[in-house]
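Below are the chains, spelled out letter by letter.
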Amino acid sequence: MEPPTIAEFLTSAQILLENSTLPELQIYLAAYGYTPERIQGGKQLYETALAAHQKQIVEYGDQYGATEAQNQAWTKASLSYMRLIKIARIACKDDLSLWKALELTGERKETLAAWLLQAGQFYRAALSTPEIQSRLAVYGITPDSLQQAYVEYQSVVTAHTIQIKEIGEAQQATKDRDFTLDALDEWISDFRAIAKLALADKPQLLESLGIFVRS
């Protein structure tokens, strides 16, 4: 049998906790220490676990959204960047120092972190070197258009920063959720074991807690 999903576990826990305070059950459960007050403690664990589970879902949704925004910004910026690279290779082909300053040699980096470094070097050199700007201008690349491409690059930097933050928050939310689920699972396991003893000769009442014992 497959282990229950988190949603299934939380649902079964909710049923067990809600029905455990029914008067006809409390007569037997209280005798084993599970008074309404003690069961309320279990309900608080449930509420905490449920909130942590819901937060984890939200945080991962935020992470996926941030990743999508990052990838869209990267795709747009890459198009402008590659256009400038191709033009710069022509414009600066006779000047090795400019070629190296713009890092025009070789393939473009494929990982985002490496691409940000490579593209960042290109824009820093191009925007701070009048000679490069003059050469690019011959091929229709004005300082304004160069700046606009740099703005697109900066949007990738910003989107990546947000995505990294969201990854961290999603991972923390998962740890928090797992911690609260473990605490609830321990409480529920103990309760179920005691309930089977308290209601050993009351199988119908036991079933009302979602506990089914094979005959």
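Definitions and limits used
Residues numbered from 1 in each chain as written. Predicted model: local features only at pLDDT ≥ 70, side-chain atom pairs only at ≥ 80, totals over all residues. Heavy atoms only, no water. Phe/Tyr/Trp six-rings, centres within 6.5 Å; stacked < 30°, edge-to-face > 60°. Buried < 20%, exposed > 50% of the residue type's maximum accessible area, 1.4 Å probe, protein only. Salt bridge = Lys/Arg side-chain N within 4 Å of Asp/Glu carboxyl O. Helix = DSSP H or I, 4+ residues; strand = E, 2+ residues; numbered from the N terminus. Patch = residues over 30% accessible without salt bridge, like charges linked within 9 Å, V, L, I, M, F, W, Y side chains within 5 Å. Areas by Shrake-Rupley, 256 points an atom, 1.4 Å probe, with all protein chains shown as cover. Lys, Arg positive; Asp, Glu negative; His and termini not counted. Charge placed at Lys NZ, Arg CZ, Asp CG, Glu CD. Axes fitted to C-alpha atoms, helices over the stretch in contact; angles between N-to-C directions. Parallel < 35°, antiparallel > 145°, perpendicular 65-115°, else oblique. Left-handed = near helix turned anticlockwise from the far one by under 90°. Contact = heavy atoms within 4.5 Å. Nonpolar A, V, L, I, M, F, W, Y, C, P; charged D, E, K, R; others polar.

### As for the packing of aromatic side chains
Enumeration according to the criterion identifies 13 aromatic pairs in this entry. Arranged with centres 5.3 Å apart and planes meeting at 85 degrees, the rings of Phe122 and Tyr123 form a pair that is edge-to-face. This pair shows no difference in class: Phe122 is buried, exactly as Tyr123 is. Summarising the aromatic geometry, the rings of Trp187 and Phe191 are spaced 5.5 Å apart at their centres and angled 10 degrees between planes, so their arrangement reads as stacked.

### A short note on the pattern of salt bridges
Per the counting criterion, the structure on display carries 7 salt bridges. Two residues, Glu169 and Lys165, come together in a salt bridge whose shortest N-O distance is 3.4 Å. Remark: Lys165 and Glu169 occur in helix α7 (residues 143–198); sequence separation between them is 4 residues, near one turn of the helix. For Arg177, the salt bridge identified is with Asp178, shortest N-O distance 2.8 Å. A single network of salt bridges, built from pairs that share partners, joins Asp94, Asp95, Glu131 and Arg135.

### Remarks on a negative patch on the surface
A contiguous patch of negative charge, built from Asp182, Asp185, Glu186 and Asp190, is present on the exposed surface. Within the fold, Asp190 resides in helix α7. Residue class for Asp190 comes out partly exposed when judged on its relative accessible area of 42%.

### A few points about the packing of helix α1 (residues 6–19) against α7
Orientation of α1 relative to α7, taken along the N-to-C sense of each, is 45 degrees, at an axis distance of 11 Å. When the interaxial angle is binned, α1 and α7 end up oblique. Classified by chirality, the crossing of α7 by α1 is left-handed. When α1 is examined against α7, the residues Ile6, Phe9, Leu10, Ala13, Leu16 and Leu17 are found in contact with a partner set consisting of Arg177, Leu181, Leu184, Asp185, Trp187, Ile188, Phe191 and Arg192. A breakdown of the residues in the contact of α1 with α7 according to their chemical character gives 11 nonpolar, no polar and 3 charged.

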